[in-house]
Amino acid sequence: MAKNRRNRRGSNRGGQPGEPRPRKKTNDGIFIYTEPLTIGDLATELNLNASEIVKYLFLKGTMVTINTLVDEELSEEIATQFGYEFLIEEIKEEDILEQYDFADKEEQLEPRPPVVTIMGHVDHGKTTLIDTIRDSRVAAGEAGSITQAIGAYQAEVRGKKITFIDTPGHEAFTSMRSRGAQATDIVVLIVAADDGVMPQTIEAIDHAKAAKVPIIVAVNKIDLPGANPQRVKDGLLAQNIVAEEYGGDTIFIEISAKQNIGIDELLDNILLLAEMQELTANPNRLATGVVLEARLDRGEGPKATLLVQNGTLENRDFVVVGGAYGKIRRMTNEYGKALKEAGPSTPVAIIGLSEVPEAGDAFMAFHEEKTARQIAEKIKQSKAEKELLESNVFSLDTLHEQLAEGEIQTINVIIKADNSGSAEAVAASLLKINVDGVNVNIIRSSAGGITESDILLAETTNSIVYGFNVRPNATVRSLAKDRGIDIRTHRVIYALIEEMEKAMKGLLKPEIVEEITGQATVLALWKASKVGTIGGCRVNSGYIERGQKVRLIRDDVVIHEGVIETMQHGKDQARQTRAGHECGITLKGYNDIHVDDVIEGYHFVEVEVT
């Protein structure tokens, strides 16, 4: 049983998630199947004695007990036999978490800070506005500049906090801006007075409208000679953004982010609009919220920026984030300051998760690791099943052949990248490639190294795997080779897109391909004044040679590409070291080697074009 805990107010965080709410699976003679049940649980759902089901199956030659788990097919047979109509309900990630959540009572709710997203066209001054607010209105008690970029931060105005979400401005990150709007209470739309309404301005408006959140327009750069605020108001009329002076309900504030003009008025209006919305949450419960950003950190492993939307997150909680889970090992704010707890509308960075979640995933805190692990496994299974249902079978290798036969084809792709922003940028760019008769279908797009799970999914869906700034380890590469899975890795997005476009046009004929010769793991380090850092390594697969090209990989992310300068066996110089043997390695002009880093050797070989 979970132990009760008290938060800073001294009140118990009662009614916490931990035990799922009962979900009635029978209604008016219909049995709704969501997951395998034991004979005992199935009997309860069907209002039967377990012995009736056991007897029925026994007469059919099947021996079971009340603890036997019943799959979908047998559940349908039993339900139908006893007079129920059988339906299957698809369980989504949010449905799984919802089972463990509960409604807060009115008396439990307290005012919370508004969450604000600043959107706008590139070069209209969004970054300058963010920097101005950061520099002059940081939360009380904090000193120094922001040292840890977590994509969100808090400012304090008139003794009240405002949480800002920083959304990327590049067009490839459109979906991230959309997700920012969904997690926000107010959108500040920044439009340059000397430029007017532009494509990304309209895009931001569409996202804000879809999220059904109010917009405040910040007309920026009013200090410039060519500034024309009236032009902005007239331009936004076409988008149904009507200023108050025209009889509309949209607040327009003229500002100069660079000169710090009108910023106080903007912040005051944010607080006024937030007050009108009566934003509340219950701080005296376990936390729920959303992932703003996630990435694989070289030194700390999976790292996620969370926005707490309800409850209070504590640094000892277990959290479920999509298919990932874990106990929070450290929780920090945007200044890198360690936090013991974070209340509603607070953005935090956490480490301790089992894997990198996806930006936009919901999260929920729990008391017990067992509960968190079980829920994460359910969500992961649900996602995998959904990916399988949505996938279309095809492989890149046979693309040109089927194109020649005049068939419309779909290329299934799994994308793994060093952070979720990069993953989304790659996915968005691939989807924009326009080649008649060929489509790209993104099966999975997420942050983190290429794993065995990715290879198994690729095998099932007949996908190719693209790694952007990440590399598969020897085990994963071996599995991919055994299963015939094509893994392609890139560090430049344009090269990746060009390769795919050529493949879609049937022009891809690789004549020179990269071949991995081997991988070695760094077990120990030595410093030598004349040669620099020496990595004591064990070669795990293949071979590594002196003078060959290598990559230095940390937590599946490529952090350096170079050449092996020296290699030693004991005191002797060596030319080559094979799997199972140890050696000392130095990299030419590079010393930032860590224990557990992987040194991957490779070369390029010519292949015959067929």
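A.B. asks: What should I look at first to understand helix α13 (residues 452-461) in this one?
C.D. replies: The α-helix winds at 3.6 residues per turn, so residues separated by three or four positions along the chain end up facing the same way. Restricting attention to buried positions, one finds in α13 the residues Asp-454, Ile-455, Leu-457, Ala-458 and Thr-461. For α13, the angular spread of buried residues about the axis comes to 165°, placing them on one side.

A.B. asks: Would you mind showing me how to read the environment of Arg-231 here?
C.D. replies: By the secondary structure assignment, Arg-231 is in helix α8 (residues 229-237). Judged by relative accessible area, which is 43%, Arg-231 ranks as partly exposed. Residues Arg-231 and Gly-196, spaced 35 residues apart in sequence, show a C-alpha to C-alpha distance of 6.4 Å. Leaving out residues up to four positions away in the same chain, Arg-231 has contacts with Asp-194, Asp-195 and Gly-196.

A.B. asks: Explanation requested: unusual backbone geometry in the structure shown.
C.D. replies: Only a minority of non-glycine residues have a phi that is not negative, and only a minority of peptide bonds are not trans. One non-glycine residue, Asn-240, lies in positive phi territory at about 60°. Note on placement: Asn-240 falls in the loop between α8 and β12 (251-254). For Asn-240, a relative accessible area of 62% corresponds to the exposed category. Unusually for a residue other than glycine, Ser-345 sits at a positive phi of about 70°. Along the chain, Ser-345 falls in the loop between β20 (341-342) and β21 (347-351).

A.B. asks: Just checking my understanding: could you explain helix α15 (residues 493-504) for this structure?
C.D. replies: Counted at 1.5 Å a residue, the expected span for α15 with its 12 residues is 16 Å, and the 17 Å between its end C-alpha atoms agrees. Looking at α15, one finds that the buried residues are Ile-493, Leu-496, Ile-497, Glu-499, Met-500, Ala-503 and Met-504. All buried residues of α15 lie within an arc of 160° about the axis, which places them on one face of the element.

A.B. asks: Would you mind showing me how to read the pairing of strand β9 (residues 160-166) here?
C.D. replies: One ladder, built from four bridges, connects strand β7 (residues 115-120) with β9; its direction is parallel. Across the sheet, Val-115 pairs through a bridge with Thr-163, a residue of β9. Inspection of the sheet shows strand β8 (residues 152-157) paired to β9 by six bridges, in the antiparallel sense. Along β9, the bridge assignment pairs Ala-152 with Ile-165. Linking β8 back to β9 in an antiparallel pair, the connection comprises two residues, with Arg-158 at a positive phi of about 50°.

A.B. asks: Would you take a moment to explain the nonpolar core for this structure?
C.D. replies: General note: in soluble globular proteins, nonpolar side chains tend to be found buried as a group. Judged by nonpolar contacts, the single largest core of 35 residues is most densely connected at Leu-306, Leu-313, Val-319, Met-331, Val-348, Ile-350 and Ile-455. Listed by contribution, the elements that provide at least two residues to this core are β14 (288-297), β15 (301-310), β17 (318-321), β21, β22 (362-366), β24 (438-447), α13 and α14 (474-483). With 27 residues, the next largest nonpolar core counts Ile-186, Ala-218, Leu-267 and Leu-279 among its residues.

A.B. asks: How should the packing of α13 against α14 be read in this particular structure?
C.D. replies: The geometry of a pair of packed helices is captured by two quantities: the angle between their axes and the separation between those axes. The contact between α13 and α14 brings their axes to 9 Å, and the two run at 15°. As judged from the angle between their axes, α13 and α14 are roughly parallel. Here the hand of the crossing between α13 and α14 comes out right-handed. Residues Glu-452, Ile-455, Leu-456 and Glu-459 of α13 form the contact with α14, whose participating residues are Thr-475, Val-476, Leu-479, Ala-480 and Arg-483.

A.B. asks: Help me out: how do you make sense of the packing of aromatic side chains in this one?
C.D. replies: Given two aromatic rings, one states the distance between the centres and the angle between the planes to describe the pair. For the structure on display, the rule yields four aromatic pairs. Note that Arg-551 overlies the ring of Tyr-602, its terminal NZ or CZ placed 3.9 Å from the centroid.

A.B. asks: Is there a simple way to think about a negative patch on the surface in this case?
C.D. replies: Together, Asp-71, Glu-72, Glu-73 and Glu-76 give the surface a local cluster of negative charge. Among the structural elements, Glu-76 can be located in helix α3 (residues 72-81). Using a relative accessible area of 38% as the deciding quantity, one classes Glu-76 as partly exposed.

A.B. asks: Mind showing me how you'd approach the sheet that holds β21 here?
C.D. replies: Think of a sheet as strands paired side by side through backbone hydrogen bonds, with each pair either parallel or antiparallel. If you trace the seven strands from one edge of the open sheet to the other, you get β18-β17-β22-β14-β15-β21-β19, paired in antiparallel fashion. Each having just a single partner strand, β18 (324-327) and β19 (330-332) make up the two edges of the open sheet. For this sheet, the mean angle separating the axes of adjacent strands, direction not counted, is 30°. Where β19 lies against β21, three bridges are found, and the strand directions are antiparallel. By the bridge assignment, Thr-332 is partnered in β21 with Ala-349.

A.B. asks: Help me understand the confidence of the model for the protein chain, please; the structure alone is not making it clear to me.
C.D. replies: As a note on interpretation, predicted positions should not be read in detail where pLDDT is low. Here the protein chain averages 81 in pLDDT, and 81% of its residues register 70 or above. Contacts for the low-pLDDT stretch residues 139-148, under 50 throughout, to residues beyond four places or in other chains number 23 contacts.

A.B. asks: Before we go on, may I ask you to explain the side chain of Asp-317 in this structure?
C.D. replies: Tracing the chain through its elements places Asp-317 in the loop between β16 (313-314) and β17. Its relative accessible area of 0% is what places Asp-317 among the buried residues. For Asp-317, the side chain forms a polar contact with the main-chain nitrogen of Glu-314, separated by 2.8 Å.

A.B. asks: Would you explain the sheet that holds β7 in this entry?
C.D. replies: Read from one edge of the open sheet, six strands run β8-β9-β7-β10-β11-β12, paired in mixed fashion. Both edges of this open sheet fall to β8 and β12, since each of them pairs with a single strand only. On average, adjacent strands in this sheet sit at an angle of 30° to one another, irrespective of strand direction. Set on the sheet, helix α9 (residues 263-277) makes contact with β7, β8, β9, β10 (186-192), β11 (215-220) and β12; between it and β9 the angle comes to about 100°.

A.B. asks: Would you explain the state of the cysteines in this entry?
C.D. replies: Here, the word disulfide means a covalent bond between the sulfur atoms of two cysteines. Within the structure shown, the criterion is met by zero disulfides. As a non-bridged cysteine, Cys-537 has Cys-583 as the owner of its nearest cysteine sulfur, 5.4 Å distant.

A.B. asks: Can you walk me through the packing of helix α12 (residues 420-431) against α15 in this structure?
C.D. replies: Running from N to C, α12 and α15 point in directions that differ by 35°, and their axes come no closer than 10 Å. Read as a crossing pair, α12 and α15 show a hand that is right-handed. Listed contacts from α15 to Ala-425, Val-426, Ser-429 and Leu-430 of α12 are Ile-493, Leu-496, Ile-497 and Met-500. Of the residues assigned to the contact of α12 with α15, the class counts are seven nonpolar, one polar and no charged.

A.B. asks: Could you clarify how one ought to interpret the pairing of strand β2 (residues 30-33) in this entry?
C.D. replies: Each regular strand displays side chains that alternate between the two surfaces of the sheet. Residues Phe-31 and Tyr-33 of β2 are buried on one face, while the alternating residues Ile-30 and Ile-32, pointing to the opposite face, are not. Taken together, the four bridges between β2 and strand β5 (residues 85-88) define a ladder with parallel strand orientation. Bridge pairing links Ile-30 to Glu-85 in β5.

A.B. asks: Is there a simple way to explain the environment of Gly-542 in this structure?
C.D. replies: Mapped onto the elements, Gly-542 comes out in strand β28 (residues 532-545). Exposure remark for Gly-542: the relative accessible area of 36% places this residue in the partly exposed category. Residues Gly-542 and Thr-577, 35 residues apart in the sequence, show an inter-C-alpha distance of 8.8 Å. Filtering out sequence-adjacent residues up to four positions away, Gly-542 remains in contact with Thr-517, Gly-518, Thr-577, Arg-578 and Ala-579.

So, how was this worked out
- Residues numbered from 1 in each chain as written.
- Predicted model: local features only at pLDDT ≥ 70, side-chain atom pairs only at ≥ 80, totals over all residues.
- Heavy atoms only, no water.
- Buried < 20%, exposed > 50% of the residue type's maximum accessible area, 1.4 Å probe, protein only.
- Helix = DSSP H or I, 4+ residues; strand = E, 2+ residues; numbered from the N terminus.
- Arc of directions from axis to C-beta.
- Contact = heavy atoms within 4.5 Å.
- Expected span 1.5 Å × (residues − 1).
- Pairing = 2+ DSSP bridges.
- Core = buried A, V, L, I, M, F, W, Y, C linked by side-chain atoms within 4.5 Å.
- Axes fitted to C-alpha atoms, helices over the stretch in contact; angles between N-to-C directions.
- Parallel < 35°, antiparallel > 145°, perpendicular 65-115°, else oblique.
- Left-handed = near helix turned anticlockwise from the far one by under 90°.
- Phe/Tyr/Trp six-rings, centres within 6.5 Å; stacked < 30°, edge-to-face > 60°.
- Lys NZ or Arg CZ within 6 Å of the ring centre and 35° of its normal.
- Patch = residues over 30% accessible without salt bridge, like charges linked within 9 Å, V, L, I, M, F, W, Y side chains within 5 Å.
- Areas by Shrake-Rupley, 256 points an atom, 1.4 Å probe, with all protein chains shown as cover.
- Salt bridge = Lys/Arg side-chain N within 4 Å of Asp/Glu carboxyl O.
- Lys, Arg positive; Asp, Glu negative; His and termini not counted.
- Charge placed at Lys NZ, Arg CZ, Asp CG, Glu CD.
- pLDDT = per-residue confidence, 0-100.
- Polar contact = N/O pair within 3.5 Å; in protein donor to acceptor, adjacent residues only side chain to side chain.
- Disulfide = S-S within 2.5 Å.
- Nonpolar A, V, L, I, M, F, W, Y, C, P; charged D, E, K, R; others polar.

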